[in-house]
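Coordinate analysis (summary)
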Amino acid sequence: MLLPMSIPASTKSFIRNAVTKVGGIYIHVPFCQKRCIYCDFYSTTCGLEWKRSYISALKREMRLRRPEIDFSRVPSLYIGGGTPSQLPPDLLIELFQAVQDNYTLTEDAEVTIEVNPDDVTPSLIDALHQTPVNRISMGVQTFEDEMLRFLNRRHTSEQALQAVQLFRDAGYNNISLDLIYGLPGQTFEAWTCDVQQLLKLGVPHLSAYALSYENGTPLYKMLQEGKVSEVPDELSWRMYEYLMDEAAAWGYEHYEISNFAKPGMRARHNSSYWDGSPYLGLGPGAHSYDGKNVRRSNNTSLEEYVSATADVPHQVEVLSREEQYDEMIMTRLRTASGLRLPALTPEQEDYCLQMAEQHLRCGNLLRDGDTLRLSRKGIFISNSVISDLMC
Ligand code: SF4
């Protein structure tokens, strides 16, 4: 059920439902220099004046929403986008100053910023040195320059390699790199080169996503017009299987369907999304969750965001018992830790086990005491296994 967020009772319920388990803070920076053809994340290509207005509005949102959940000790902060590295150094520093004025990060807080490889310059790194950032997330997507150009990415493979080196030289070793597989025309051999190139870099964390054709993107239009075609499922699975095998051989733990980490280097912030912790999302298009049954989504409009005089326009969704159950199935089964059955009510557990029976029988799901998890075979058809277990 979606409620317009001008209803004050909804906000009260958000506060009332807050639980003591603390996740983290996500800040959405909605700026990109240009748009990649596959992307449906909210961002704009607005210029400097808008960036300044955004930072002012962000400070206002932080002040207004400070009491919403007990975030007095914040274990993770994630600055995503969009492209946070498109903020000029002075505004980046101002953003982190505002966080520190309003919240207290724990001493060992994980503080991540997403960057684009071609934004990584000595001046960006100098600015980051003045902030608590200790983890870098960088979208490489592929090391094939021709494919990068086709995707309308701004960087080259050489710039991605240089960016990793610049960060390391500056003492930032906690780096996560993203790849995309199943790109139009991508061969299995091209994918193995991408994976090997990435693994050789030895970064502690990597994420790999199957390309999806999102309605409204230029790539989706190209698909509709027959200008590109999706890679066959068999090829996509082969690519994913290759990644799983190689990542394991290089010492990575496959801890979530799309995420791999060296021991002890799992993304703490993202993990809190999968374990049901509350989180506060700030900025246009950001989502928040009270850790129980209330979700809030800020509207995806920079204009509305900067011109708001009180709380920013948003919507609140109150999850029913069934929706809470579905969320638990969707998030927990994506992880190697799996779904803990005692987290369900007795009725939900009965239903879940009944729905899981066929998948347990044919080995798509494994049961280990009180825990259900996807088997290696089940990971390949995770969407259908998960949807079979949902209400
Ligand atoms: S840089 Fe990132 S957020 Fe911006 S359009 Fe490309 S993929 Fe989307």
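Details of the structure are given in the entry above.
Here's what I pulled together on the structure shown here. Note that the structure is a prediction, hence the values are computed from the model and not measured. (Residues numbered from 1 in each chain as written. Predicted model: local features only at pLDDT ≥ 70, side-chain atom pairs only at ≥ 80, totals over all residues. Heavy atoms only, no water.)

**Focus on the site of the ligand**
How we decide: We call a residue near a molecule or strand whenever a single non-hydrogen atom of that residue lies within 4 Å of it. Under this grouping Gly is polar, as are all residues other than the nonpolar Ala, Val, Leu, Ile, Met, Phe, Trp, Tyr, Cys and Pro and the charged Asp, Glu, Lys and Arg.
Neighbouring the ligand are the residues C32, R35, C36, Y38, C39, G82, T83 and R153. Residues of the shell around the ligand, tallied by class, amount to four nonpolar, two polar and two charged.

**Focus: helix α13 (residues 346-361)**
Inclusion rule: Each helix is a run of H or I in the DSSP string that is no shorter than four residues. Each strand is a run of E no shorter than two, and both are numbered from the N terminus. Expected helix span is taken as 1.5 Å per residue step, with the number of steps being one fewer than the number of residues. Here the bend at each residue means the angle between axes fitted to two seven-residue stretches, the one ending at that residue and the one beginning there. Partly exposed describes any residue whose relative accessible area lies between the buried limit of under 20% and the exposed limit of over 50%, with all areas from a 1.4 Å probe on protein chains only and scaled to the type maximum. By definition, residues are in contact when any of their heavy atoms lie within 4.5 Å.
Taking 1.5 Å as the rise per residue, α13 with 16 residues should run 22 Å; its terminal C-alpha atoms sit 22 Å apart, in good agreement. In α13, a bend of some 35° at M355 exceeds every other bend along the element. Within the span of α13, buried status applies to Q348, C352, A356 and H359. As for α13, its buried residues are in contact with α12 (321-332), β14 (339-340), β15 (365-368), β16 (371-374) and α15 (382-389). Backbone geometry just downstream of α13 places G363 in the positive-phi region, at approximately 85°.

**Things to note about unusual backbone geometry**
Going from G81 to G82, the amide bond is cis rather than trans, its omega being 20°. Structurally, G82 is set in the loop between β3 (74-81) and α3 (89-102). One non-glycine residue, Q141, adopts positive backbone phi at about 70°. Along the chain, Q141 turns up in strand β5 (residues 135-141). If you check the backbone angles, N152 has positive phi at about 65° while not being a glycine. Tracing the chain through its elements places N152 in the loop between α5 (145-150) and α6 (157-169).

**Description of the layout of surface pockets**
In plain terms, the rule: Grid spacing is 1 Å over the protein atoms alone, the probe is 1.4 Å, and a cavity is where that probe fits but cannot get out, while a pocket is an open set with protein on both sides within 12 Å along at least five of seven lines and lining residues have an atom within 4 Å of a point. Grid points are joined across faces, edges and corners, and a volume is the space filled by probe spheres set on the points.
Taken as a whole, the second largest pocket holds about 220 Å³ of empty space. If you trace the second largest pocket, you find 15 residues lining it, with H254, A336, L374, S375 and I379 closest to the centre. The biggest single contributor to the lining of the second largest pocket is helix α9 (residues 233-249), with three residues. When grouped by side-chain class, the residues that make up the lining of the second largest pocket number seven nonpolar, three polar and five charged.

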